[in-house]
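Listed below, chain by chain, are the residues.
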Amino acid sequence: MKYAHIFWTPETAQALHDLPLMDLLFRAQTVHRQNFDPNKIQTSKLLSIKTGGCAEDCAYCSQSARKGAILSASKLIEVQRVINEARKARDGGATRFCMGAAWRKPKDRDMETLVAMVQGVRDLGIETCMTLGMLDDNQIVRLRDAGLDYYNHNVDTSERYYPEVITTRTFADRLDTLDRVQKAGIKVCSGGILGMGEAVQDRVDMLVTLANMNPAPESVPINMLMPQEGTPMADAKPIDPIEFVRVIATARIMMPGSYVRLSAGRSDMSDAVQAMCFLAGANSIFVGETLLTAENPEEDADAVLFGKLGLQAEGPEEQCSRNVAE
Ligand code: SAM
Ligand code: DTB
Ligand code: SF4
């Protein structure tokens, strides 16, 4: 179903978020069924192509080069290794391969390698996604022309809370890259993290920013903070899972045609909480035992969960037919 783009105010979004939970879940599941097969989940595989030593100071991230950092910096890995990992991901049933680098922005001397990665992965017949930090227009065009399908660049939180989390770049920097990526015709993957000490209003405002992008991001990852040793958020208080589910449901209703991804943090969630997230309209996950550096549920655990819930991984054909229909 194709929806007219709705402009959301913080007040309407907050009212939705605050509905009695059963009303919120019912509305989210109704919208979900109008747009997607409720028993199909899109699966993406992540690979860290350059780990640690990042110049940014994101308080949640183990890959920042801040004082006390535990991870050391690696170099950009070889193209062939990336292609081998992408082939394994494709053969295991994933339909998108997401390559992540711990950079503030790529250096021009790395572009040739990045372009070769996109081309090589694309040639395998799996969708490509990259997350490399800020991009200039020339870099965007080179990645697009190489066949990059998606660019991940999270807004992470509200504009108000942003400076509490990151001081080395602004919320406006983030929106600027997103806008230029979108205008160049690359699909956008953008979401955020919950459980960083933000207020409910910050979560709602983050969703308002995402939903008011025109078009809204095709993919919206909602991460639950995975507290990392050596970061300022190592001892953050976990978010109540019901509050997490509320945000997923609100995102589903505000962005009816987007894939909402239940992202980092699944390894700390029970099957019951994950099932509630799917009921609330999440229809994408990361598969495989590692995210970029942190843990993710084992493949066997996901197979058991999908079996229990009667869920199936979405195949490449179903994705193609959606893309054509839209
Ligand atoms: N450096 C690039 C950037 O920041 O855009 C790409 C990689 S970065 C690790 C990608 C996203 O992972 C972040 O925007 C954040 O939302 C998420 N992330 C990082 N560390 C996390 C953590 N400990 N828990 C949950 N999500 C996390
Ligand atoms: C996103 O929103 N979550 C992914 C992906 N986009 C790049 C990353 C999660 C990272 C979790 C911490 C880690 O693996 O280091
Ligand atoms: Fe660097 Fe990305 Fe981690 Fe921030 S989230 S420190 S930009 S790798």
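These remarks concern the structure in this document. Only a predicted model underlies this, so the values are computations on that prediction, with no experimental measurement involved.

### Focus on the overall build of the protein
For step 1, the next point in the chain: When helices and strands are tallied, the protein shows 12 helices and 10 strands.
For step 2, the next point in the chain: Relative to the globule expectation of 20 Å for 326 residues, the C-alpha radius of gyration of the protein, 18 Å, shows essentially globular dimensions.
For step 3, the next point in the chain: Considered along the principal axes of its C-alpha atoms, the protein spans approximately 50 × 45 × 40 Å.
For step 4, the next point in the chain: By residue count, 56% of the 326 residues in the protein fall in the buried class.
For step 5, the next point in the chain: Across the protein, contacts joining residues at least 24 apart in sequence account for 76% of those joining residues at least 6 apart.
For step 6, the next point in the chain: Per element, the accessible surface of the protein, about 14200 Å² overall, is 53% carbon and sulfur.
For step 7, the next point in the chain: Computing the positive centroid from 35 side-chain charges and the negative centroid from 44, the protein places the two 3 Å apart.

### A word on the state of the cysteines
For step 1, the next point in the chain: Applying the stated criterion to the full structure yields 0 disulfides.
For step 2, the next point in the chain: In this structure Cys-129 is not part of a disulfide, and its nearest cysteine sulfur, from Cys-98, lies 4.0 Å away.

### Digging into the site of ligand 1
For step 1, the next point in the chain: Around ligand 1, the structure places 16 residues, and the nearest of them are Thr-131, Asn-154, Asp-156, Arg-174 and Met-226.
For step 2, the next point in the chain: With respect to ligand 1, the backbone of Trp-103 contributes an N or O atom lying 3.4 Å from a nitrogen atom.
For step 3, the next point in the chain: Contact with the protein chains removes 90% of the 550 Å² of surface that ligand 1 exposes when unbound.
For step 4, the next point in the chain: Judged by the fraction of its atoms near the pocket grid, ligand 1 is located in the largest cavity.

### Focus on the environment of Thr-9
For step 1, the next point in the chain: Within the fold, Thr-9 resides in the segment before helix H1 (10-17).
For step 2, the next point in the chain: For Thr-9, a relative accessible area of 29% gives the class partly exposed.
For step 3, the next point in the chain: Note: C-alpha distance between Thr-9 and Thr-209 (200 residues apart in sequence) is 9.5 Å.

### Focus on the side chain of Ser-158
For step 1, the next point in the chain: Locating Ser-158 in the fold gives a position in the loop between strand S4 (150-152) and helix H6 (162-165).
For step 2, the next point in the chain: The class for Ser-158 is buried, based on a relative accessible area of 1%.
For step 3, the next point in the chain: From its side chain, Ser-158 meets the backbone nitrogen of Tyr-161 in a polar contact 3.0 Å long.

### Structural notes on unusual backbone geometry
For step 1, the next point in the chain: Cis geometry is found at the peptide bond from Asn-214 to Pro-215, where omega equals 0°.
For step 2, the next point in the chain: On the secondary structure map, Pro-215 appears in the loop between helix H8 (200-212) and strand S7 (219-224).
For step 3, the next point in the chain: Backbone geometry places Asp-156, a non-glycine residue, at a positive phi of 70°.
For step 4, the next point in the chain: Topologically, Asp-156 is positioned in the loop between S4 and H6.

### Digging into a negative patch on the surface
For step 1, the next point in the chain: There is a patch of like negative charges on the surface, built from Asp-268, Glu-289, Glu-295, Glu-298, Glu-299 and Asp-300.
For step 2, the next point in the chain: Structurally, Asp-300 is set in helix H11 (residues 299-309).
For step 3, the next point in the chain: You can call Asp-300 exposed: its relative accessible area is 61%.

### Details of H1
For step 1, the next point in the chain: For H1, the complete set of buried residues consists of Ala-13, Leu-16 and His-17. Along the long axis of H1, the arc covered by the buried residues comes to 100°, so they all point the same way.

Here is what the cut-offs are and how they apply
Residues numbered from 1 in each chain as written. Chains lettered and ligands numbered in written order. Predicted model: local features only at pLDDT ≥ 70, side-chain atom pairs only at ≥ 80, totals over all residues. Heavy atoms only, no water. Helix = DSSP H or I, 4+ residues; strand = E, 2+ residues; numbered from the N terminus. Rg over C-alpha atoms; globule rule 2.2 N^0.38 Å. Buried < 20%, exposed > 50% of the residue type's maximum accessible area, 1.4 Å probe, protein only. Contact = heavy atoms within 4.5 Å. Areas by Shrake-Rupley, 256 points an atom, 1.4 Å probe, with all protein chains shown as cover. Lys, Arg positive; Asp, Glu negative; His and termini not counted. Charge placed at Lys NZ, Arg CZ, Asp CG, Glu CD. Disulfide = S-S within 2.5 Å. Near = heavy atom within 4 Å. Polar contact = N/O pair within 3.5 Å; in protein donor to acceptor, adjacent residues only side chain to side chain. 1 Å grid on protein atoms, 1.4 Å probe; cavity = no way out; pocket = protein on both sides within 12 Å on 5 of 7 lines; lining within 4 Å. Sits in = over half its atoms within 2 Å of the grid points. Patch = residues over 30% accessible without salt bridge, like charges linked within 9 Å, V, L, I, M, F, W, Y side chains within 5 Å. Salt bridge = Lys/Arg side-chain N within 4 Å of Asp/Glu carboxyl O. Arc of directions from axis to C-beta.

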